[in-house]
Amino acid sequence: MIGSILLFAIIVFGMYVASHRLSGVQLLAAIVLLAAGITLVVWPNAATYIAIRLNVGRGADLVTYFAIVGGLFVTANFYFRFKRQEQQLVAVVRELAIRNARTR
Amino acid sequence: MDARERRKPGLWVVVPAFNEAGSIANVLRGLGAHAPRIVVVDDGSSDRTSEIALGMRAVVVRHSVNLGQGAALQTGIDFALARNASHICTFDADGQHDPESIETMLTTIGAFGADVALGSRFLAGTPQMPALRRFILRLAVRFTRFQTGLQLTDAHNGLRLFTRSAAERLRINQAGMAHASEILAAIARLRLRYVEVPTKVAYTDYSLAKGQRLANSVKILFDLVYAAWTR
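Everything in this summary refers to the structure shown in the same document. Residue numbers run consecutively from 1 along every chain, following the written order of its sequence. As a convention, the first chain written is A and the first ligand written is 1, with the rest following in written order. Thresholds applied to this predicted model are a pLDDT of at least 70 for local features of residues and 80 or more for the giving and counting of side-chain atom pairs; totals over whole chains, interfaces and linings are not thresholded and use all residues. Hydrogens and water molecules were not included; the side-chain quantities draw on all heavy atoms of the structure.

Focus on the interface of chain B and chain A
By convention, interface size is frequently given as the accessible area that disappears when the constituent parts associate. Quick reminder of the rule: Residue contacts are counted whenever heavy atoms from the two residues lie within 4.5 Å of one another. Salt-bridge detection follows one rule: a side-chain nitrogen of Lys or Arg within 4 Å of a carboxyl oxygen of Asp or Glu. In protein, a polar contact requires one atom able to donate a hydrogen and another able to accept it; more generally it is a pair of N or O atoms within 3.5 Å, and residues adjacent in sequence count only if both atoms are side-chain atoms. Secondary structure elements follow DSSP: runs of H or I of four or more residues count as helices, runs of E of two or more count as strands, with numbering from the N terminus. Amino acids are sorted into nonpolar (Ala, Val, Leu, Ile, Met, Phe, Trp, Tyr, Cys and Pro), charged (Asp, Glu, Lys and Arg) and polar (every other residue, Gly among them).
In this assembly, 26 residues from chain B lie in contact with 16 residues from chain A. Counting across the chain B and chain A interface gives 0 salt bridges. Put simply, chain B and chain A have 4 residue pairs in polar contact (both at pLDDT 80 or more) between them. For the side of chain B that touches chain A, the elements supplying multiple residues, two or more each, are helix H3 (49-55), strand E3 (59-62), helix H4 (69-82) and helix H11 (214-230) of chain B. Residues of the side of chain B that touches chain A, tallied by class, amount to 13 nonpolar, 8 polar and 5 charged.

See below:
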């Protein structure tokens, strides 16, 4: 039951992602994420199998670690984008301001 | 062209102002005798800063949203360069600077063939500076020496004078308050010749209230680390 709900969620995520234009890196990340999600739902023991080979022990821990690292990347990505857009905003506001310089 | 324009051809004074309705008139009045051309960059004020500045016959360039003092300075510099400025002076709107310092900076920059003159509160001694502020500014000076190698006595003084060529090469990307350190780093990187000029600073209740809070120095540090990391 939970498996089919998760699969459904992953497929919806995949369709959502596919409906947007993505850069090469983003597309690659989405595909890897989708594949990993489907794998873990279909073979829940896969995480444990890899975790043992990587000396982590528990599959749940492994997934958590990856999620944390992934979360950090996403956060950084948003932060850099925010900074870039801030620079663009400055450029627009500056140009408007100089164009509309006033004297009495 | 009147007498003071002949004495200072091409000098533009850039006054970044955010909600300075209380002090801008006095500042512009004080500047009047020393600066023929003034551009007030209203950084999205919600008060009457722009109207008052217009009434004082300054040119007003207004940001439609508040971007920060660094962005305001760069806007003013861009504007002055477009108006063929030969020298650009940055001057705070809170009334802490002495307009007579502009004269001193112009003379000094000419005498030393320098690209930039920087006002220093510590060369002249500012007796009424609060002790805690003095301590923090000393720390900032140490940080600047460490970061840029510039041997300065003051780090975050809003009073500066640039020659046209120096202003053209300078680019302030720090929209917020970290621009002061960014300017110094740029001076070091571009190998600009700089002189420090002793300036009096009037610490009034008003300028202290408008001045930097201590917590802000942490944010400035963070902005600088971020900038160094992404360069």
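Observations concerning the environment of Gly30(B)
Assignment of secondary structure puts Gly30(B) in helix H2 (residues 24-32). Taking C-alpha positions, Gly30(B) is 8.1 Å from Asp98(B), a pair spaced 68 residues apart along the chain.

What to know about the packing of aromatic side chains
Spelled out, the test is: Any pair of Phe, Tyr and Trp rings, taking the six-membered ring for Trp, is counted once the centres come within 6.5 Å. Such a pair is stacked with planes under 30 degrees apart, edge-to-face with planes over 60 apart, and tilted for the rest. Sitting over a ring, as applied to charges here, requires NZ of Lys or CZ of Arg to be within 6 Å of the ring centre and within 35 degrees of the ring normal.
Inspection of the entire model under this criterion finds 2 aromatic pairs over all chains. The lysine or arginine in question, Arg53(A), covers the ring of Tyr49(A), its NZ or CZ lying 4.2 Å from the ring centre.

Observations regarding helix H3 (residues 45-53) of chain A
Residue and element names in this part refer to chain A. Inclusion rule: Type-normalised accessible area, obtained with a 1.4 Å probe on protein chains alone, sets the label of each residue: buried when under 20%, exposed when over 50%, and partly exposed for intermediate values. The directions considered for the arc run from the helix axis to the C-beta atoms.
Of the positions making up H3, those classed as buried are Ala46, Ala47 and Ala51. Projected down its long axis, H3 shows its buried positions confined to an angular sector of 135°, all on one face. Opposite the packed face of H3, turned more than 90 degrees from it, sit the exposed residues Asn45, Tyr49 and Arg53. Next to the buried residues of H3 lie helix H2 (24-42) and helix H4 (59-99). Two residues or fewer after H3 comes Asn55, characterised by a positive phi angle close to 65°.

Here we look at the nonpolar core
All names here are of chain B. Short version of the rule: Definition used in this section: a nonpolar core is a set of buried Ala, Val, Leu, Ile, Met, Phe, Trp, Tyr and Cys residues joined via side-chain atoms within 4.5 Å.
Ile88 and Ile187 are the most contacted members of the largest nonpolar core, which totals 32 residues. At the level of elements, strand E1 (11-17), strand E2 (37-42), E3, H4, strand E5 (116-120), helix H7 (131-148), helix H8 (164-169) and helix H9 (179-189) are the ones that each hand at least two residues to this core. Sort the elements by how many residues they give to this core and H4 lands first, with 6 residues. Ignoring anything within four residues of it in the chain, the contact list for Ile88 reads Trp12, Val14, Ile77, Ala80, Leu81, Arg160, Leu161, Phe162 and Ala167. Counting residues in hydrophobic clusters, the runner-up holds 30 residues, among them Val13, Ile52, Ala58 and Val197.

As for the side chain of Asp42(B)
Residue and element names in this part refer to chain B. For Asp42, the location among the structural elements is in strand E2. With a relative accessible area of 0%, Asp42 lands in the buried category. There is a polar contact of 2.5 Å between the side chain of Asp42 and the side chain of Ser50.

Some thoughts on the pairing of strand E6 (residues 160-163) of chain B
Residue and element names in this part refer to chain B. The criterion, for reference: Paired strands, in this sense, are two strands between which DSSP finds at least two bridges.
Alternating residues of E6 divide into Arg160 and Phe162 and Leu161 and Thr163, and every residue in both groups is buried. Sheet topology note: the strand E4 (residues 87-90)/E6 ladder contains 4 bridges and is antiparallel. Bridge assignment links Ile88 to a residue of E6, and that residue is Phe162. Examined bridge by bridge, E5 and E6 share 3 bridges and lie antiparallel to one another. Directly across from Val116, in E6, lies its bridge partner Phe162.

Coordinates in, geometry out; function isn't part of it.
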